[in-house]
Amino acid sequence: MLSISIDGKRLSVPEGSTILDAARGAGISIPTLCHIDGLEKYGGCRLCMVEVEGSRSGVQAACTTPVFEGMVVHSSSPEVIDLRKSVLSMILAEHPADCFNCKKMGECRLHEYCAEYGLVKIETGLEKTNFPPDVSNPFFSLDRNKCILCGKCVRTCESLQCSDVLCFAGRGRSARISPAFDLPMGKSECVSCGNCVAACPVGALLPRDRAFPGAQYVRKVKSVCPYCGVGCRIELLLKGNRIVGVKGDQDGVNEGLLCVKGRFAYGFVGHPDRLTMPLLRKDGVLVEVEWEEAFEAMLSALKRTVAGSGPDAAAGLSSARCTNEENYLFQKFFRAAVGTNNVDHCARLCHASTVAGLARSLGSGAMTNSIPEILDHDVIFVTGSNTTETHPIIGARIKRAVNLGARLIVADPRAIELADRAEVFIRLSPGSNVALYSAMANVIIAEGLADGAYIAARTEGFSAFAAQAAACPPELAASICGVDAEDIRKAARLYANAAKAGIYYAMGVTQHSTGTEGVLALSNLALLCGKVGKPGCGINPLRGQNNVQGACDMGALPGDYPGYAKVADPRARSYFSERWGASLPENPGLASTELIEAAAEGKIGFLYIMGENPALSEPDSKLVARALGKIDFLVVQDIFSTETAEFADLVLPAACFAEKDGTFTNTDRRVQRLRKAVAAPGEARDDLSILLELLRRMGKPDSAADAAGVFAELASETPQYRGMTWERLDVTGIQWPCPESGHPGTKVLHEKGFAGNGGKALFVPVEWKPPFEPADEEFPLVLTTGRNLYQYHTRTMTGRIEGLTRISGEAYAEMHPQTAAAYGLADNSMIRLSSRRGDIQVRLRVRAHVKPGVVFVPFHYSRSPANRLTHALGLDPYAKIPAFKVSAVRASPGEADRGASSDAG
Ligand code: SF4
């Protein structure tokens, strides 16, 4: 620590601090227009000049000058004030004098400082620059005439978002910020994250929907982004009962950054399409009814089913979009009030194999490390995850880590954005990943790179695993994966030799008929190199939906109670029987994929779906439609009508994330509060109050009355959450396990030992098996499905955002030029894709980044539903997850043009 003085105040500050750091720490305000916390010192605007006694020039920029022992600083001496006035005068000379017409009014830093230093417009007599406005981006505009060239947008784009879109162009008075080649923003590589907009201190970059005048919102409410599992913290900016903007919260894992969905896709909240009244099917038509009639119809149908066919003829699909409290009550309703374990949710479709695989190998099926540790890695191995599109803030963090020196390995069937930055890129065939990981293990063992001490002290089962790995040399794996054996060796050496290496994966690993084996193979690899249970390492599944981790934690799974206690375990059953005052069923229920099959066979009489859309998201849409059509009474509870709601007998209008209180658990096990910000439309009710009412009417009233009460109840029953309280979560998110009060939460799992096998992790030998439905003569291409940046899941929310529809409103298929040429298919033409289940027409994008022989189709779009092609056969035997990543298809020219193919919402 160093002793310094600022404005006569004696301070003790850490060595390496700048004057600006020290002043801020002491609550002394120094103006700056260009400084960004956490980035390299810049010193561009010179507004933060301060007087430093004894320095050569007398004044120094506070943001770039490090403190030294005995330093004496004056932050507001007359000389400093004069200097700042000069700097502001120069900026102002170039700036338009129309503050009253500027939508940044009230939040403009330049205006604020000019007012503070008593400056008004400076006239220089120079002709003003007159750049045309750039309104080509659907979400924000760029007015270069207002730009003060502070460079915050450029450095945010380059060093935090790491998209490298914005740069400085021109010289002198034509100097400007611009995408490369002066392209309009909307035609550039810009991903519309708006992080540059948030960084702009003046009115040059502004959201297009920003209301006028600038200080338009009157309230801010802290919440959590409702889209992906990263769990970015946000502040909702509100005017009355309306959201007028979203800001990234600096205190979240996102450190203030957001992606396009988190920042701009909030218009669904007050959208006119929202469901506002319960709808009951009468004479074949859904008609509005009061809640009383809706509850009566629902519960009499449920009781009829249970009386006629037993409780296992009823089932429920809970929701990874809903809160922990709602998921907890949902599973409790089915188990304690209905008497069945037939409850599941969409984790079955994304990471059920992670839960099964990592629980078996490590004792816990969750991300072992934390998002902030990405910057600590020496090596990052990304496999089966298009991270910059599906988990954009984690993707940006990985790019930043690489910019700071981390080395990157990417294995994926497509040359995804991260592949451009990878030292080793392995473009493997879909369904071959087990062979790749086994061969990497083979190299590591053969070359003596394994961590023997770690293996001996912390694992079991190494010998059997090593024997299996020996049978998978790189040459064999290379022929299976369709890659170069040398690349496998390079990747293995890079990963094994790193002091700190993290594995990141997603559904490219899990959505296979061998999904659990893929997860186990990755886990084996991490254990082999001693990279589990240590900071800066780990095996990190990236969970898809905002609360999919929480829905699993809460027991919205057919074989698990809250906290992953097993329904088959008599002790767990007896504990929850006592807690819930009901005798509980002992047989595990049906997984969602099995449930669809059972419904198609007429075995399900009552199905209650909360916030899911299986008609579009489950594999083999025709089978799903047949199944939904056979159910006697189908209840769909959602915020919008969906493809699934078209089959419903009863539709219940629910509140969305901004209209209720609760908690979400993100992908790094971080439990975070969301807060009610606006009222739900019409008669829509939050899912929690609907479930509390159902429990009461079924004679199992819950003692809790609200989200805080339900959280207290679930925390007391879930060991990982036991130390959390509503009040603690009001201050900050907490990562589980948090076993007792006062526990700070856990950043790194397994540091002290593993949960099973006497504290040891388990190597599980796995052998590559071919995909269930490989390409063949009749269907010679491999279809692999996934997501894109601009849409979310089945588009119930993002489909209502006009800007997203403008950017990505139409379904597409991506194919390598060689593949397209082989089938006579032209770029941008409509093509027909057919599988054994059905066919779709979709617009073709010929792109070299896709592996030849592979077709990628995002599953978001109802007009070209990718899941009409996928199959529900060959489920992973452990996790029952479908093999979305490999279906055999063929391609042929489609109709000349299908103008109506856009899912315009
Ligand atoms: Fe929301 Fe995910 Fe984007 Fe963060 S990265 S803003 S959580 S969609």
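As shown above, the structure is provided for reference.
Basis of the calculations
- Each chain carries its own residue numbering, running from 1 in the direction its sequence is written.
- With pLDDT at 70 or above as the cut-off, local features in this predicted model cover only qualifying residues; side-chain atom pairs require 80 or more to be listed or tallied, and sums for whole chains, interfaces and linings still use all residues.
- Only heavy atoms go into the side-chain values, all of them from the structure, while hydrogens and water stay out.
- Here, proximity means that at least one heavy atom of the residue falls within 4 Å of the molecule or strand.
- Strands are runs of DSSP state E lasting at least two residues, helices are runs of H or I lasting at least four, and both sets are numbered from the N terminus onward.
- Throughout, the ten residues Ala, Val, Leu, Ile, Met, Phe, Trp, Tyr, Cys and Pro are labelled nonpolar, Asp, Glu, Lys and Arg are labelled charged, and all others, Gly among them, are labelled polar.
- The pairing criterion for strands is at least two bridges between them, as found by DSSP.
- Excluding any residue in a salt bridge, patches collect residues exceeding 30% relative accessible area, merging like charges within 9 Å and nonpolar Val, Leu, Ile, Met, Phe, Trp and Tyr side chains within 5 Å.
- Where accessible areas are quoted, they stem from the Shrake-Rupley method and a 1.4 Å probe; at the residue level, only the protein chains shown are allowed to cover.
- Basic side-chain nitrogens of Lys or Arg form a salt bridge, by our definition, when they fall within 4 Å of a carboxyl oxygen of Asp or Glu.
- Think of it in three bands: with a 1.4 Å probe and only protein chains considered, a residue is buried below 20% of the maximum accessible area for its type, exposed above 50%, and partly exposed in between.
- Think of it this way: a Phe, Tyr or Trp ring, Trp meaning its six-membered ring, pairs with another when their centres are within 6.5 Å, and the plane angle makes it stacked under 30 degrees, edge-to-face over 60, tilted otherwise.
- Throughout, an axis means a line fitted to C-alpha atoms (over the contacting stretch in the case of helices), and angles, computed between N-to-C directions, take values from 0 to 180 degrees.
- Note that the term roughly parallel is reserved for angles under 35 degrees, roughly antiparallel for angles over 145, roughly perpendicular for angles of 65 to 115, and oblique for everything else.
- Helix crossings fall into two classes, left-handed where the near helix is turned counterclockwise from the far one by less than a right angle and right-handed where it is turned clockwise.
- A contact between two residues is defined here by any heavy atoms of the two lying within 4.5 Å.
- As used here, the term nonpolar core means buried Ala, Val, Leu, Ile, Met, Phe, Trp, Tyr and Cys residues forming a set that is joined through side-chain atoms within 4.5 Å.
- As used in this structure description, the phrase polar contact means that two N or O atoms lie within 3.5 Å; if the pair is within protein, one of them must be able to donate a hydrogen and the other to accept it, and residues adjacent in sequence are counted only when both atoms belong to side chains.
- Disulfides are defined as cysteine sulfur pairs within 2.5 Å.
- Helix span, expected: 1.5 Å multiplied by one less than the number of residues in the helix.

1. Focus on the site of the ligand
And then number 1: In the vicinity of the ligand, the residues found are Cys 225, Tyr 227, Cys 228, Val 230, Gly 231, Cys 232, Leu 258, Cys 259, Lys 261, Gly 262, Pro 392 and Ile 393.
And then number 2: Going through the elements one at a time, α6 (260–264) and α12 (392–403) are the ones with two or more residues in the shell around the ligand.
And then number 3: Residues that form the shell around the ligand fall into these classes: 9 nonpolar, 2 polar and 1 charged.

2. Some thoughts on the pairing of strand β14 (residues 285–288)
And then number 1: When strand β13 (residues 279–282) meets β14, the two strands line up antiparallel, connected through 4 bridges. Paired with Arg 281 across the bridge in β14 is Leu 286.
And then number 2: Counting the residues that bridge the hairpin from β13 to β14 gives 2 residues, and of these Asp 283 lies at a positive phi of roughly 50 degrees.

3. A short note on a nonpolar patch on the surface
And then number 1: On the surface, Tyr 42, Leu 149 and Phe 168 cluster together to form a nonpolar patch covering roughly 250 Å² of accessible area.
And then number 2: Classification of Tyr 42 as partly exposed rests on a relative accessible area of 35%.

4. Some remarks on the packing of aromatic side chains
And then number 1: One pass over the structure, following the stated rule, counts 23 aromatic pairs.
And then number 2: Centroid distance Phe 333 to Tyr 608: 6.3 Å. Interplanar angle 90 degrees. Geometry classified as edge-to-face. Of this pair, Phe 333 sits in helix α8 (residues 324–338) while Tyr 608 sits in strand β23 (residues 606–610); the two residues are 275 residues apart in sequence, bridging distant segments of the chain. Just as Phe 333 is buried, Tyr 608 falls in that class too.
And then number 3: Here Phe 606 and Phe 633 contribute two aromatic rings whose centre-to-centre distance is 6.3 Å and whose plane-to-plane angle is 5 degrees, an arrangement assigned as stacked. Residue Phe 606 is found in strand β23, and its partner Phe 633 is found in strand β24 (residues 633–638); the two are separated by 27 residues along the sequence. Take Phe 606 and Phe 633: they sit in the same class, and that class is buried.

5. Structural notes on the packing of α8 against helix α25 (residues 687–697)
And then number 1: Look at α8 against α25: their axes get within 9 Å of each other, and the N-to-C directions meet at 20 degrees. Comparing their axes, α25 and α8 come out roughly parallel. The handedness of the crossing between α8 and α25 is left-handed. Where α8 abuts α25, its residues Glu 325, Glu 326, Leu 329, Phe 330, Phe 333 and Ala 337 lie against Asp 687, Leu 688, Leu 691, Leu 692, Leu 694 and Leu 695.
And then number 2: Here the residues of the contact of α8 with α25 are counted per class, giving 9 nonpolar, no polar and 3 charged.

6. As for the nonpolar core
And then number 1: Leu 110 and Phe 657 are the most contacted members of the largest nonpolar core, which has 93 residues in total.
And then number 2: The biggest single contributor to this core is α12, with 5 residues.
And then number 3: Beyond its immediate sequence surroundings of up to four residues, Leu 110 is in contact with Leu 33, Leu 88, Ile 91, Leu 92, His 95, Ile 148, Pro 201 and Val 202.
And then number 4: Judged by nonpolar contacts, the second largest core, of 58 residues, contains Leu 329, Ala 366, Val 567 and Ile 690.

7. Some words on the side chain of Thr 665
And then number 1: Within the element layout of this structure, Thr 665 appears in strand β26 (residues 662–665).
And then number 2: Under the relative-accessibility criterion, Thr 665 is labelled buried at 0%.
And then number 3: There is a polar contact of 2.9 Å between the side chain of Thr 665 and the side chain of Asn 324.
And then number 4: Beyond its immediate sequence surroundings of up to four residues, Thr 665 is in contact with Asn 324, Asn 546, Asn 547, Gln 549, Gly 550, Asp 553, Arg 670, Val 671, Tyr 721 and Trp 736.

8. Focus: the state of the cysteines
Put plainly, a disulfide is one covalent bond tying together the sulfur atoms of two cysteines.
And then number 1: Taken as a whole and judged by the stated rule, the model has 0 disulfides.
And then number 2: Lacking any disulfide linkage, Cys 63 is separated from the closest cysteine sulfur, that of Cys 48, by 3.7 Å.
And then number 3: Residue class for Cys 63 comes out buried when judged on its relative accessible area of 2%.

9. Brief notes about the packing of helix α13 (residues 433–446) against helix α19 (residues 515–528)
And then number 1: Packing of α13 against α19 brings their axes to within 9 Å, and their N-to-C directions diverge by 20 degrees. In terms of axis orientation, α13 runs roughly parallel to α19. The two elements α13 and α19 meet at a crossing, and its hand is left-handed. Residue-level inspection shows Val 434, Tyr 437, Met 440, Ala 441, Ile 444 and Ile 445 of α13 in contact with α19, the latter providing Glu 517, Gly 518, Ala 521, Leu 522, Leu 525 and Leu 528.
And then number 2: Looking at the contact of α13 with α19 residue by residue, the class counts come to 10 nonpolar, 1 polar and 1 charged.

10. Quick look at the pattern of salt bridges
And then number 1: Per the stated rule, a full pass over the model turns up 42 salt bridges.
And then number 2: Two residues, Lys 332 and Glu 713, come together in a salt bridge whose shortest N-O distance is 2.7 Å. Of this pair, Lys 332 sits in helix α8 while Glu 713 is found in helix α26 (residues 707–717), placing the two residues 381 residues apart along the sequence. Both residues of the pair, Lys 332 and Glu 713, belong to the buried class.
And then number 3: Put simply, Glu 814 and Arg 414 hold a salt bridge, and the shortest N to O gap is 3.1 Å.

11. Section: helix α17 (residues 485–497)
And then number 1: The end-to-end C-alpha distance of α17, which contains 13 residues, comes to 18 Å, matching closely the 18 Å that a straight helix rising 1.5 Å per residue would cover.
And then number 2: The opening residue of α17, the one whose side-chain oxygen lies 2.9 Å from the backbone nitrogen of Glu 486, is Asp 484.

12. Let's talk about the environment of Gly 384
And then number 1: Relative to the assigned elements, Gly 384 resides in the loop between β17 (379–383) and α11 (387–390).
And then number 2: Its relative accessible area of 11% is what places Gly 384 among the buried residues.
And then number 3: C-alpha separation for the pair Gly 384 and Val 410, spaced 26 residues apart in sequence, amounts to 8.5 Å.
And then number 4: The residues contacting Gly 384, other than those within four sequence positions of it, are Ala 411, Asp 412, Ala 506, Met 507, Gly 508 and Val 509.

13. Notes on the side chain of Ser 385
And then number 1: Looking at the secondary structure, you find Ser 385 in the loop between β17 and α11.
And then number 2: Among the polar contacts listed, one links the side chain of Ser 385 to the side chain of Thr 387, at a separation of 2.7 Å.
And then number 3: The contacts of Ser 385, once residues within four sequence positions are left out, are Thr 390, Asp 412, Ile 416, Tyr 505, Ala 506 and Leu 542.

14. Re unusual backbone geometry
And then number 1: Residue Trp 736 is joined to Pro 737 through a cis peptide bond whose omega torsion reads 0 degrees.
And then number 2: With respect to the element layout, Pro 737 can be found in the loop between β28 (734–735) and β29 (761–762).
And then number 3: Of note, the phi angle at His 793 is positive, near 50 degrees, even though the residue is not glycine.
And then number 4: Within the element layout of this structure, His 793 appears in the loop between β30 (781–786) and α28 (802–808).

15. Some words on the sheet that holds strand β2 (residues 9–13)
And then number 1: Read across the sheet, 5 strands follow the order β2-β1-β5-β3-β4 without closing on themselves; strand pairing throughout is mixed. Whereas interior strands pair on both sides, the edge strands pair on one side only; in this sheet they are β2 and β4 (59–61). Taken over all neighbouring pairs, the strand axes of this sheet differ in orientation by 35 degrees on average, direction set aside.

This is a description of form; function is not addressed.
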